[in-house]
2 protein chains.
Amino acid sequence: MDERKQRVLQAVVQDYIESAEPVGSRTIARRHDLGVSPATIRNEMADLEMLGYLEHIHTSSGRIPSSKGYRFYVDGLMQPTRLTDEEKTQIDRWYRARVKRIEEVFQETARLISHVTKNVALVLAPQMTKSAFRCLQFLPLDDRRSVAVLMTDAGFIENRIVAMPSGASFEDFQRMARVINDCLAGCTLDAIPKAAYRKIRSEISDEELYEAALDVISRALDDREGRNRLYLGGTREILSQPEFRDVERVKEILLMLEEEELLKEILSAHLGDGLRVTIGQENDYKGIQDCSIVTATYHLDGELLGTIAVLGPTRMEYGKAMSLLGYMNEHLSDVVRRLGWQG
Amino acid sequence: MDERKQRVLQAVVQDYIESAEPVGSRTIARRHDLGVSPATIRNEMADLEMLGYLEHIHTSSGRIPSSKGYRFYVDGLMQPTRLTDEEKTQIDRWYRARVKRIEEVFQETARLISHVTKNVALVLAPQMTKSAFRCLQFLPLDDRRSVAVLMTDAGFIENRIVAMPSGASFEDFQRMARVINDCLAGCTLDAIPKAAYRKIRSEISDEELYEAALDVISRALDDREGRNRLYLGGTREILSQPEFRDVERVKEILLMLEEEELLKEILSAHLGDGLRVTIGQENDYKGIQDCSIVTATYHLDGELLGTIAVLGPTRMEYGKAMSLLGYMNEHLSDVVRRLGWQG
DNA sequence: TGTTAGCACTCAGGGGCGTCGAGTGCTAAC
DNA sequence: GTTAGCACTCGACGCCCCTGAGTGCTAACA
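Just so you know, these numbers come straight off a predicted model, no measurement behind them. (Residues numbered from 1 in each chain as written. Chains lettered and ligands numbered in written order. Predicted model: local features only at pLDDT ≥ 70, side-chain atom pairs only at ≥ 80, totals over all residues. Heavy atoms only, no water.)

(A) Structural detail: the protein's contact with DNA strand C. If you check the shell around DNA strand C, you find 20 residues, and the closest are A:Ser25, B:Arg4, B:Thr40, B:His58 and B:Ser60. The sugar-phosphate backbone supplies 73% of the atoms of DNA strand C found within 4 Å of the protein. Between A:Thr27 and DNA strand C, the recorded distance is 3.4 Å, taken from a side-chain N or O atom to a phosphate oxygen. In this structure, a phosphate oxygen belonging to DNA strand C sits 3.2 Å away from a main-chain N or O atom of B:Ser37. Looking at the surface near DNA strand C, the element that brings in the most residues is helix 3 (residues 38–51) of chain B, giving four residues. Residue composition of the surface near DNA strand C, grouped by class: three nonpolar, 13 polar and four charged. (Near = heavy atom within 4 Å. Polar contact = N/O pair within 3.5 Å; in protein donor to acceptor, adjacent residues only side chain to side chain. Helix = DSSP H or I, 4+ residues; strand = E, 2+ residues; numbered from the N terminus. Nonpolar A, V, L, I, M, F, W, Y, C, P; charged D, E, K, R; others polar.)

Listed below in structure tokens is the structure:
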């Protein structure tokens, strides 16, 4: 593919991303200074179509890029946009104004990304269960209940009200906490060894108390990892995309966005790959083969925390999405650290 | 208004709620057994229009109810639907499956209501600041930070990571907690008297430590009462309403739903009124004068907790919305109590 | 006097049709 | 290899007409 073809392809993709209308040869001749006439561009476009980079609804409608065309554009033609300092400070201000607690980071990140890109944003939060147990403490609530507070090395803090078995005192609970802290020290929450349970069993003789202890642990665990782990943003933003002009189309994608398991699967498939773009038919899942996904994984001190992604029509501002996610990539760690994650 | 007119009005409202199409005289004659011909019904409908209960887009389109018409229907004609036992157990199951922590009750309630009614649901959660301070405890995190856990009488538990001033030890923090617990005992969080602050000041000599104490208190306070207090559900459900067939209309209402302050204002206006219906033009806010709102306030042991509401087009299944909210009214207390709210 | 049948009238929605404009593909000339 | 020219295609738009649902009015009926 010679250079002129590439410039034509680039022109088509850029114009189509901007206008959402099929692009014709004259438009390109007018708006891009290629130094050749529409007729020549037409010839080039016909070639590009033969090569599979462009598509045609019918004769006499302009061209639109194919998945392959977008792919070539993203890999080679696109000039990477950089966030301006102003944009960066805006992002900073967003977090400072809205995020008060570590738990809110993920939802707000999703909101921010969707707001900037006008597409759906997905944030796969780190699994609490992947982080190491730090300590469990009890606080007295009243004579029959107390509050269990579980902390992990990653900085998660989880609280629960637990009923105390009749006859048990708050001191029993504190003793139980000491036992649990001893036995679970350093375990990651998703892989508590059987031995730890046996040890707890042997140290807590009272049956009811032992049950309560297990209850505390399991309830602390089963919370975050379920449906709370995926955060969505921008289901309203996409209404401004011309692709979603008719409500049926919107309903379709919203329905899909409700299937959390599916989304997690899609995101998990990209885990650990750094910044990655999946375009149109490259998607395995049929329902989004007219969409593209840009994913990035974010880290803290070298450890993988989770994935953030932008999901939108293939006609997406890839440069913008990628630079934003790229920045987030680095920036999220700072936010997380500032809010008390353990450094 | 004689009985036949009422029966005609009822027929028009019911049919229109069901079909979302203007209702004609023949349709009514066919579908409702009024014992008179379409011509007679036409005459009655003309009268009802004169009286302001029905409206006309143009000659020769069927009638649709006016706000006044809906009002008459809701107040007198509508047969109140009751939730079946099956529906009740479904609601119960919903909560048991999805709500693990008290904080999730509100979001899930919004989801449930919107799911059942296919309209937007709003849940105004109780203000944490309205409940009384119970106690503040610290847990050690590492050598420079600790976790503050604040509990209120209503059962809210709030945790925060706070930095310890250099030189301060965890024991200092525990002492501080004792002072604060003494001074704030019984205060409601939105009305901490100046005297309490003075007392804390006098007991904590270290300047930095005092600042940290204030920080803990204020941070615990400013959290829940802000944007976290209103929960929304069903922004996707409304897409299935024919009123929102065109995207512009959807965008309009979604935009409005983002204005939390406005929504809170609207809901707050209904606080304490029990079950209440506001129809179309009865709404003060212009943007929703083609919508209706059904609100209900929920209580626990006689104390007002918050408001739940259904927002949808005037063509709404009032009976269903009202019976659902009515049931929630009673039921929410149970859920809340089960999850550890103080009884 | 209330009810009904009949009839003229109205209006939205849908199909058919011609026009316009943007765009292509092909060919011949440069 | 590039370009101008030209025939062709197709969607969008506006126009017209038809149809069907519905009304309002009037006159006849019980």
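(B) Expanded view of empty space enclosed by the protein. The full count for this structure, using the stated rule, is five cavities of 30 Å³ or more. As a volume, the largest cavity reaches approximately 80 Å³. A:Thr235, A:Arg236, A:Leu239, A:Val250, A:Leu254, B:Thr235, B:Arg236, B:Leu239, B:Val250 and B:Leu254 together form the lining of the largest cavity. Of all elements in the fold, only helix 10 (247–258) of chain A together with helix 10 (247–257) of chain B reach the threshold of two or more residues within the lining of the largest cavity. (1 Å grid on protein atoms, 1.4 Å probe; cavity = no way out; pocket = protein on both sides within 12 Å on 5 of 7 lines; lining within 4 Å. Points joined across faces, edges and corners; volume = space filled by probe spheres on them.)

(C) Examining the sheet that holds strand 8 (residues 276–279) of chain B more closely. Residue and element names in this part refer to chain B. If you trace the five strands from one edge of the open sheet to the other, you get 7-3-10-9-8, paired in antiparallel fashion. Looking along the sheet, the strands with just one partner apiece sit at the ends: strand 7 (230–233) and strand 8. In this sheet, adjacent strand axes meet at a mean angle of 15 degrees when their direction is disregarded. Both strand 9 (residues 291–300) and strand 10 (residues 303–313) contribute to a ladder of 10 bridges, which runs antiparallel. When the sheet's bridge partners are listed, Thr297 is paired in strand 10 with Thr307. (Pairing = 2+ DSSP bridges. Axes fitted to C-alpha atoms, helices over the stretch in contact; angles between N-to-C directions.)

(D) Representation of the packing of aromatic side chains. All names here are of chain A. Scanning the entire structure with this criterion turns up eight aromatic pairs over all chains. Aromatic side chains Phe138 and Phe173 sit 4.8 Å apart centroid to centroid with 65 degrees between the ring planes, which places their arrangement in the edge-to-face category. With Phe138 in strand 4 (residues 133–140) and Phe173 in helix 7 (residues 170–184), this residue pair connects regions lying 35 residues apart in the sequence. Judged by relative accessible area, Phe138 falls into the buried class, the value being 4%. A residue is classified by how much of its surface remains accessible, and Phe173, at 0% relative accessible area, is buried. Here the guanidinium or amino end of Arg201 rests over the ring plane of Tyr210, the centre of that ring lying 4.5 Å away. (Phe/Tyr/Trp six-rings, centres within 6.5 Å; stacked < 30°, edge-to-face > 60°. Buried < 20%, exposed > 50% of the residue type's maximum accessible area, 1.4 Å probe, protein only. Lys NZ or Arg CZ within 6 Å of the ring centre and 35° of its normal.)

(E) Quick look at the pairing of strand 7 of chain B. Residue and element names in this part refer to chain B. Here strand 7 shows two buried faces, one formed by Leu230 and Leu232 and the other by Tyr231 and Gly233. One ladder, built from four bridges, connects strand 3 (residues 120–124) with strand 7; its direction is antiparallel. Directly across from Leu122, in strand 7, lies its bridge partner Leu232.

(F) Molecular detail of the sheet that holds strand 9 (residues 291–300) of chain A. Residues and elements named next belong to chain A. Here five strands make up an open sheet; going across it, the order is 7-3-10-9-8 and the pairing antiparallel. This sheet does not close on itself; its edge strands, each paired only once, are strand 7 (230–233) and strand 8 (276–279). Neighbour-to-neighbour, the strand axes of this sheet turn through a mean angle of 15 degrees, independent of strand direction. Helix 6 (residues 104–117) contacts strand 3 (120–124), strand 7, strand 9 and strand 10 (303–313) of the sheet and is inclined by roughly 30 degrees relative to strand 7. (Contact = heavy atoms within 4.5 Å.)

(G) Expanded view of unusual backbone geometry. Residue and element names in this part refer to chain A. Residues other than glycine seldom take positive phi values, yet Ser60 does so here, at roughly 70 degrees. On the secondary structure map, Ser60 appears in the loop between strand 1 (54–56) and strand 2 (63–65). If you check the backbone angles, Lys118 has positive phi at about 60 degrees while not being a glycine. With a relative accessible area of 35%, Lys118 lands in the partly exposed category.

Taken by themselves, the reported measurements are silent on function.
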